Amino acid sequence: MNKKERFFKLLKENEFVFLDGGMGTMLQARGLKAGETPELLNLTHPEQIKEIHRLYIDAGSMIVYANTFGANGYKLAETGKSAEEVISAGVKNALEAADGKALVALDIGPIGQLLEPTGTLKFEEAYDYFKEQVTAGKDADLIVIETMTDLYETKAALLAAKENSELPVICTMTFEENLRTFTGCSVSSMALTLEGLGADAIGVNCSLGPREFAPIIEELSKWTTLPIVAKANAGLPDPVTNTYSITPEQFGEAYAKLVPYGIKLAGGCCGTTPDFIRALKKHLSDKKYQPACPEIPAAVCSAGRTVVIDGPRIIGERINPTGKKLFKEALKRNDIDYILGQAIEQIHAGAEILDVNVGLPEIDEKDMMVRTVKALQGITDLPLQIDSTIPEVLEAALRVYNGKAIVNSVNGEAGSLEKILPIVKKYGAAVVGLTLDENGISKKAEARFAIAEKILKAAVDAGINRRDVYIDCLTLTASAEQESAMETVKALHRVKEELGLKTVLGVSNISFGLPNRELINCNFLQIALANGLDLPIMNPNVASMTGAVRAYRLLANIDKNSVEFIEAYGGEKSAPAAPKQGDTHDLMYAVANGLKAEGAKITAELLETTDSMEIVNNMLIPALDKTGEDFEKGRIFLPQLIMSAGVAQAAFEVIRNHMISKNAAPVVKGKVVLATVKGDIHDIGKNIVKVLLENYGYEVIDLGRDVEYEAVLEAAVKNQVKLVGLSALMTTTLGAMEKTIALLREKYPEVKIVVGGAVLTPEYAEKIGADFYAKDAKETVDIAKRIYG
Amino acid sequence: MAGVSLKSINRRAVLRWLGYGGENADEKVTALMDECEKKVLAAVNGRYTYRIFDIEENSGERVTLKGCSLVLTGKSVCEHLKGCTKAALLCGTAGAETDRLIRMEQASDMASAVIADAMAGCAVEAVCDAAEEDIGRSCEGMFMTWRFSPGYGDLPIELQKQFLEVTNAGRAIGVFANENSLLTPKKSVTAVIGLSAEKIENKRHSCAVCNIKENCTFRQKGIRCYE
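Calculation criteria
- Residues numbered from 1 in each chain as written.
- Chains lettered and ligands numbered in written order.
- Predicted model: local features only at pLDDT ≥ 70, side-chain atom pairs only at ≥ 80, totals over all residues.
- Heavy atoms only, no water.
- Helix = DSSP H or I, 4+ residues; strand = E, 2+ residues; numbered from the N terminus.
- Buried < 20%, exposed > 50% of the residue type's maximum accessible area, 1.4 Å probe, protein only.
- Contact = heavy atoms within 4.5 Å.
- Areas by Shrake-Rupley, 256 points an atom, 1.4 Å probe, with all protein chains shown as cover.
- Lys, Arg positive; Asp, Glu negative; His and termini not counted.
- Charge placed at Lys NZ, Arg CZ, Asp CG, Glu CD.
- Buried area = accessible area lost by both parts, 1.4 Å probe.
- Salt bridge = Lys/Arg side-chain N within 4 Å of Asp/Glu carboxyl O.
- Polar contact = N/O pair within 3.5 Å; in protein donor to acceptor, adjacent residues only side chain to side chain.
- Nonpolar A, V, L, I, M, F, W, Y, C, P; charged D, E, K, R; others polar.
- Domains from an automatic or database assignment.

So, the overall build of chain B
- Looking only at helices and strands, chain B has 8 helices and 9 strands in total.
- Over its C-alpha atoms, taken along the principal directions, chain B stretches across nearly 55 × 40 × 35 Å.
- Residues counted as buried form 56% of the 227 residues belonging to chain B.
- Restricting the contact set of chain B to residue pairs at least 6 apart, pairs at least 24 apart contribute 72%.
- Carbon together with sulfur atoms contributes 48% to the accessible area of chain B, which is approximately 9400 Å² in total.
- Charge-centre separation for chain B: the mean point of 29 positive side chains lies 1 Å from the mean point of 30 negative side chains.

Put into structure tokens, the structure is as follows:
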């Protein structure tokens, strides 16, 4: 019997499986000071640790957690001990204490640093820390990943556990009374993601007492078929005395009330002792395990948002370079901000899921996809649909995606099914199945339906739940194959009704080559919705399209009481009055007054009669100079300066698009690389500098924040820039700034470097080898002017 | 550990951070602030945690606390805690969602981002104000100093990681430090408050302990970053 079988045997043979209680609590009672590293006691005081394990086993614990919670490379760095040493000692102590009477879990807690995007620890680095722990704890009977508040970190740990051991894995996360973790992870997102990734049991631990656990466990029981774990604190701590609020009896009583929500494994966390486990056992002794067996709906999620597909949901299609010149240019420039802009526009327009396609032959699609997924999940909690034809790209994206994504797509070809489905299964995603195969796309609904059946069967055989298979019956262009539009709808209807699967359809293709495409698209969308379309892939920025979905949801009685519809349109004011004659302003006025839309409009009009360079040099720049001067003199303040800059940015965007559409090189006065240095995440100042530089016609290569030294050098050399701007907020990151400068000086001596940031001074800037110190964004522009003229 | 729900943001403080001094915002900026305030209040998940320790020794160079592995080093924190018998170690945060809001705003509109950033900073100060009141209640009758943070004077910012360990801030409110001792979520604060049975000389927040006072753009304009 292997360890996984043994774990499940334990679950099968016992009504409830009892875990242990607090380790830190027991150690503090034995003199451990606040802030000391309890895991070191595995080496220095093994008998004390074993004694604690034995006390729990005597109290009834069937699984004890080894004293390895914080034994990771990051936390132990300053102790001089390796994770390997501390963990193997901890597991050994526990195994000796258990002596076959209980199972021993390798206990893995959070690393102690937040992951990107809130922190600076990379997902891949987190994985490496966890991998080291998993490998060191190989002698344990199971792995417990606990007290997690970040779904992303939990995913890194779970992947590390699954990929580097055969042990069963329990994951528990820590929730607040608002049913969210500190990083905003919801209970449903946790369940969908971790069950998808192959955890063997999931649940909740720490932060709250068992009474406060009830609503969290209740919610969890609706979203998982896995055994549920509860490991609560002894109530809440008192900050002055550091004691907890409830007694063992109260603890046991509260657990008895969790039984109806399907708890299977129960133990204690902070503040609990063997007495709590004893009381727990007593209060559950006359109870029966009541598995929840929920009907889990089709759903996808990010960490913070679960989108249940219980009616049509809009998948935004705009993050896709196909047929878009500007998008292609942006990909070649590595301009992630452009992609974020496409995302934000769709979010505001009503998208509920975002399709992400960054495929372009000239670029490294995998690298771009990973960076795009990471950047998108830094700003939005809309779930993503990963869209690529290359399996490696799909896998790389799914790996770094924080939640349960959709894979777009697999098709009925044997090769596609074989390559894509195992990836979908491994990462617990949903998948779009295209109803085409080796013979191409059939004209007939029957043939497409047959391929849908084939895809479903292959997916289920690969271990994918049927509710996670979404079928795309494929839209063909009506201008070329007019007879096929209704065949698509017919196939879709059958898939929905006969297979009971969710359906997906790219809508916009239908009108290709026809005039008034919007009219065709909108009507086709409505026909498809009425025939059972769940997931239209469409342009949500077109108001009539989004409106059609919202109206359908209202009419189909999905949007109960028209709540969403009223929220979307109820506050709509009647169209703004047309500007009065004689009320038109010039570009200078628009810039000075922060009138973005008007500035863009005026620029577009000017371009019909005026040369773009003339607009830039004779109108935009003088307007900006004026606001810059007003800012320096204290006549206007930072928000106004940036609003003006926003107008100029909009004007530049119009000019840029104009040039690209005419195949002319856009106006660029010079390129500047900007970065917030390694280790630093405070980038708002750098971003203000970026806006202002762009205003003055400089192309900014923005490397973002927490940027490696080499990445700065690489971008500077690749783009042959004359100026690099570096920012750092804290004294602790000035060292990284100095190192970046040193590297630039050594490898690219001709470049000039300007630095800025709260703790910098002109003297310090000189000391670390910068050419210039800029006290604010305006001064950086002045410096750029001096360099580029 | 406790949650703080904020009803509004201190506009005067926000304007001060944005460099306005005593000036009022114009209509357009005020409208933008109204919009930002709604978003910030929706995003902020204000939380704080603290622990109160007896001061074991204040040598003038370092302060040791009873039952606590963290040693506060430097003359300035010793001066700050002079005459105090206890020290409250406090950590407050506006939460991870606030950080995301600011990232989102930076990608869509920098003017909003700058305002939201300043507002989030004010929000975390309000969270710490609530914590301070709480500490005052739990130590009734004692006098309190103002909030002194790692990085002020010569109290090393590198203490952050250990500071968070001893206050259990990671588990309690989700605040961590990165390898460069930057707090994450960004809008988080740690601070030491001294407690004394005797009246404390009215030591107030001042520029004296600030390490960037020589180069401070606020001071150059004749204004202060604090009230």
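Quick notes on the interface of chain A and chain B
- On the side of chain B, 58 residues touch chain A, which itself brings 67 residues to the contact.
- Summing both partners gives a buried area of about 5500 Å² for chain A against chain B, and 61% of it is carried by carbon and sulfur.
- Here chain A is connected to chain B by 5 salt bridges.
- Between the two partners, chain A and chain B, sit 16 residue pairs in polar contact (both at pLDDT 80 or more).
- Elements represented by at least two residues in the side of chain A that touches chain B include exactly helix 5 (73-76), helix 14 (336-349), helix 15 (365-379), helix 26 (638-661), helix 27 (684-695) and helix 29 (731-747) of chain A.
- Residue contributions to the side of chain A that touches chain B peak at 5 residues, all from helix 26 of chain A.
- Residues belonging to the side of chain A that touches chain B are distributed by class as follows: 32 nonpolar, 24 polar and 11 charged.

Some points on unusual backbone geometry
- In this chain, Glu116 of chain A is followed by Pro117 of chain A through a cis amide linkage whose omega measures 5°.
- Relative to the helices and strands, Pro117 of chain A resides in the loop between strand 3 (103-108) and helix 7 (123-136).
- Following Asn408 of chain A, the chain continues to Ser409 of chain A via a peptide bond in cis, the omega torsion being 20°.
- Residue Ser562 of chain A is not a glycine yet carries a positive backbone phi of 55°.
- The class for Ser562 of chain A is partly exposed, based on a relative accessible area of 22%.
- One non-glycine residue, Ser181 of chain B, adopts positive backbone phi at about 65°.
- Tracing the backbone shows Ser181 of chain B in the loop between strand 7 (176-177) and strand 8 (183-184).
- The class for Ser181 of chain B is buried, based on a relative accessible area of 7%.

Quick look at the side chain of Asp472 of chain A
- With respect to the element layout, Asp472 of chain A can be found in strand 17 (residues 469-472).
- Buried Asp472 of chain A, no salt bridge; nearest opposite-charge side chain is Arg448 of chain A, N-O distance 7.4 Å.

Details of the pattern of salt bridges
Residue and element names in this part refer to chain A.
- Under the definition given, this model contains 62 salt bridges over all chains.
- Here Asp702 and Lys686 are joined by a salt bridge, their closest N and O atoms 2.8 Å apart. Of this pair, Asp702 sits in strand 21 (residues 698-702) while Lys686 is found in helix 27, placing the two residues 16 residues apart along the sequence.
- When its relative accessible area of 5% is taken as the criterion, Lys686 is described as buried.

What about the domain arrangement of chain A?
Residue and element names in this part refer to chain A.
- Domains assigned within chain A are domain 1 (3-284), domain 2 (299-564), domain 3 (584-666) and domain 4 (668-789).
- If you average the C-alpha positions of domain 1 and of domain 2, the two centres end up 38 Å apart.
- Contacts between domain 1 and domain 2 engage 22 residues on the former and 22 residues on the latter.
- The contact between domain 1 and domain 2 buries some 1600 Å² in all, and 49% of this surface belongs to carbon and sulfur atoms.
- Counting the surface domain 1 buries against domain 2, the share from its top three residues, Tyr152, Lys155 and Leu192, is 30%.
- Run the count over domain 1 and domain 2 and you get 4 salt bridges.
- Where domain 1 touches domain 2, the interface holds 17 residue pairs in polar contact (both at pLDDT 80 or more).

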